[in-house]
Amino acid sequence: DTGVSQNPRHKITKRGQNVTFRCDPISEHNRLYWYRQTLGQGPEFLTYFQNEAQLEKSRLLSDRFSAERPKGSFSTLEIQRTEQGDSAMYLCASSFSPGLAVHGQFFGPGTRLTVL
Amino acid sequence: AQTVTQSQPEMSVQEAETVTLSCTYDTSESNYYLFWYKQPPSRQMILVIRQEAYKQQNATENRFSVNFQKAAKSFSLKISDSQLGDTAMYFCAFMKDAGNMLTFGGGTRLMVKP
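Anyway, here's the lowdown on the structure attached to this text. Bear in mind that the values here come from a model prediction, so they are computed numbers and not experimental data. Every chain is numbered independently, its residues counted from 1 as its sequence is written. Chains and ligands are labelled by the order in which they are written, letters from A for the one and numbers from 1 for the other. The predicted nature of this model means local features are confined to residues of pLDDT at least 70 and side-chain atom pairs, given and counted, to a pLDDT of 80 or more, with totals for whole chains, interfaces and linings taken over all residues. Hydrogens and waters are ignored; side-chain quantities use all the structure's heavy atoms.

Some thoughts on the packing of aromatic side chains
Working step 1: For Phe, Tyr and Trp, where Trp contributes only its six-membered ring, two rings pair if their centres lie within 6.5 Å, and the inter-plane angle classes them as stacked under 30 degrees, edge-to-face over 60, or tilted in between. A complete count under the given rule lists 18 aromatic pairs over all chains for this structure.
Working step 2: Ring centres of Tyr35(A) and Phe104(B) lie 5.8 Å apart, and the angle between their planes is 85°; on these two criteria the pair is classed as edge-to-face. Of this pair, Tyr35(A) sits in strand S4 (residues 31–37) while Phe104(B) sits in strand S11 (residues 102–104), which puts the two residues in different chains. By the burial criterion, Tyr35(A) is buried, and Phe104(B) matches it.
Working step 3: For the cation-ring pair, Arg22(A) lies above Phe74(A), with the distance from its terminal atom to the ring centre recorded as 3.9 Å. Here a helix means four or more residues in a row that DSSP labels H or I, a strand means two or more in a row labelled E, and each is numbered from the N terminus. Here the term buried applies to any residue with accessible area under 20% of the maximum for its type, exposed to any over 50%, and partly exposed to those in between, with areas from a 1.4 Å probe on protein chains only. A ring is scored as having a charge over it whenever the NZ atom of a lysine or the CZ atom of an arginine sits within 6 Å of its centre and within 35 degrees of its normal.

So, the state of the cysteines
Structurally, a disulfide amounts to a covalent bond that connects the sulfur atoms of two cysteines.
Residues and elements named next belong to chain A.
Working step 1: Two cysteine sulfurs form a disulfide in these notes if their separation is within 2.5 Å. According to the stated counting rule, one finds two disulfides over all chains in the structure shown.
Working step 2: Here Cys 23 engages in a disulfide with Cys 92; their sulfurs sit 1.8 Å apart. On the S-S bond that ties Cys 23 to Cys 92, the torsion sits near -70°, and the link is left-handed. Of this pair, Cys 23 sits in strand S3 (residues 19–24) while Cys 92 sits in strand S9 (residues 88–95); the two residues are 69 residues apart in sequence, bridging distant segments of the chain. The pair formed by Cys 23 and Cys 92 is uniform in burial state, with each residue classed as buried.

Remarks on the pairing of strand S12 (residues 108–113) of chain B
All names here are of chain B.
Working step 1: Only one face of S12 is covered, namely the one carrying Thr 108, Leu 110 and Val 112; the face carrying Arg 109, Met 111 and Lys 113 has none of its residues buried.
Working step 2: Bridge count between strand S2 (residues 10–14) and S12: five bridges; the pairing is parallel. Paired with Val 13 across the two strands is Val 112, which belongs to S12. The pairing criterion for strands is at least two bridges between them, as found by DSSP.

A few points about unusual backbone geometry
Peptide bonds are trans in most cases, and residues, glycine excluded, mostly fall at negative phi.
Working step 1: For the bond from Asn7(A) to Pro8(A), the omega torsion is -10°, close enough to zero to count as cis.
Working step 2: Structurally, the position occupied by Pro8(A) is in the loop between strand S1 (5–7) and strand S2 (10–13).
Working step 3: Positive phi, close to 55°, is recorded for Lys73(B), a residue that is not glycine.
Working step 4: Here Lys73(B) is to be found in the loop between strand S8 (64–69) and strand S9 (74–79).
Working step 5: Non-glycine residue Asp81(B) carries a positive phi angle of around 50°.
Working step 6: Tracing the sequence through the fold places Asp81(B) in the loop between S9 and strand S10 (88–95).

Nothing here speaks to function; it is geometry throughout.
Right, here's the structure in full:
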């Protein structure tokens, strides 16, 4: 499978717990993006990386959220002290920049987080 | 900041008919990229069609075509010969620069009826 993969696909946690999600982009893609999608809404940008450098973070990304992309390959998104409002689908996407980035981003299946 | 608006939360169409989904956006950029993404129920988002703002010709991909009106900041998607597999959420998205983040609209839920 050469697409974007995300793990786990589903995560149920209790309020206050920490969770970590993983995204493996398409292997030759140097850009990796995280989005959050709540039910019935469009995805909202959280952050993105070019290789291992985090280039931009949304104001949606509170201090409880941290993302890393060590060695410019896979990425992790950690949420500390989860709150019920964090319940959402977390989407990862990748692209190759420059050049092929104009073709859009390729999305993974998402990780659905439920905070009880 | 860019905004993308999809004014039709839900639409339905009979199989084999044509349907048009609307999208408007607001930006001060002169060059940018626009996309339509499809998200089937419980499945991942896939790219349907893209348009570069500097190109006047409307993009076409098989049964999917767009009507890009740059002055009006409008970017509608036309689906011809609708198929049951077209049932999905459709999102319009804006990208300021190549490789930048996407800004999505709120989506249109399309139901294709047999």
